[in-house]
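Fold and geometry: a report
The residues making up each chain are set out below.
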Amino acid sequence: MRIWVLGGIRFVGRAVVDALAEHHDVTVANRGSHVLWRDDVALVVFDRDSGASLSLAVELRQFDAVVDVSGTEPAHVRHVVQGWPDDWKHVPYVFISSASVYDRSVKPPPFCEGMPTPGDAIWGSYGKAEADCEELLRRDFPQLTCLRPPYVYGPFNYQDRERW
């Protein structure tokens, strides 16, 4: 498969790219602010804050699937939706979201996939923003899959979570 990874340079994205590149043709699309560590992966530089930038990048290649590890703000996702060609919206789209979309004050964990996703106040605006990103994608990508991990730990983590 030809897979387009939005983000894909740091932490979770890096692990996703490493796993996919073993068996697929992977293109990473990001701002170009970090060095690509693999020779067998293509890099396309684009700015998530510009739909025009994405449109240009997308025109360069065709993909069988998309994995989005960097959509954390509705504006970022809105630009992806606006810049994505209509005839490509049938492509499976995997969005790495967050368990912060669930509100623990309404129902404590464990969460079910079909539960409402208003965002959890403990995360400030982050949970609501992730939920809004999911909703924007859901409207335009019929083959959307949202993955909602809680805390993620591991190699190349640039957050300071492990010491908690």
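Structure: above.
Residues numbered from 1 in each chain as written. Predicted model: local features only at pLDDT ≥ 70, side-chain atom pairs only at ≥ 80, totals over all residues. Heavy atoms only, no water.

Some details on helix H1 (residues 11–21)
For H1, the full list of buried residues reads Phe11, Gly13, Arg14, Val16, Val17, Leu20 and Ala21. Buried-residue contacts for H1 involve strand S1 (2–6), strand S2 (25–30) and strand S4 (65–68). (Buried < 20%, exposed > 50% of the residue type's maximum accessible area, 1.4 Å probe, protein only. Helix = DSSP H or I, 4+ residues; strand = E, 2+ residues; numbered from the N terminus. Contact = heavy atoms within 4.5 Å.)

Examining the sheet that holds S1
With parallel pairing, 6 strands are arranged side by side in an open sheet as S3-S2-S1-S4-S5-S6. For this open sheet the edge positions go to strand S3 (42–45) and strand S6 (144–147), each flanked by a neighbour on one side alone. Strand-to-strand twist in this sheet, taken as the mean axis angle between neighbours without regard to direction, amounts to 20°. With 4 bridges connecting them, S2 and S3 associate as parallel partners. Paired with Val28 across the strands is Leu43, a residue of S3. Across the sheet, H1 is in contact with S1, S2 and S4; its angle to S2 comes to roughly 160°. On the sheet, helix H4 (residues 126–140) packs against strand S5 (93–96) and S6 and is oriented at approximately 175° with respect to S5. (Pairing = 2+ DSSP bridges. Axes fitted to C-alpha atoms, helices over the stretch in contact; angles between N-to-C directions.)

Focus on the nonpolar core
Core analysis: the biggest nonpolar cluster contains 20 residues, and Trp4, Leu6, Tyr93 and Leu137 have the highest contact counts within it. Taken together, the elements giving at least two residues each to this core come down to S1, helix H3 (74–83), S5 and H4. Setting aside chain neighbours within four positions, we find Leu6 in contact with Ala29, Phe46, Arg48, Val66, Val67, Asp68, Val69, Ser70, Val80 and Tyr93. Ranked by size, the runner-up nonpolar core spans 15 residues in total, among them Ile3, Val26, Val28 and Val67. (Core = buried A, V, L, I, M, F, W, Y, C linked by side-chain atoms within 4.5 Å.)

Notes on the side chain of Glu134
Counting through the fold element by element, Glu134 comes out in helix H4. With a relative accessible area of 0%, Glu134 lands in the buried category. A distance of 2.5 Å separates the side chain of Glu134 from the side chain of Arg148, its partner in a polar contact. (Polar contact = N/O pair within 3.5 Å; in protein donor to acceptor, adjacent residues only side chain to side chain.)

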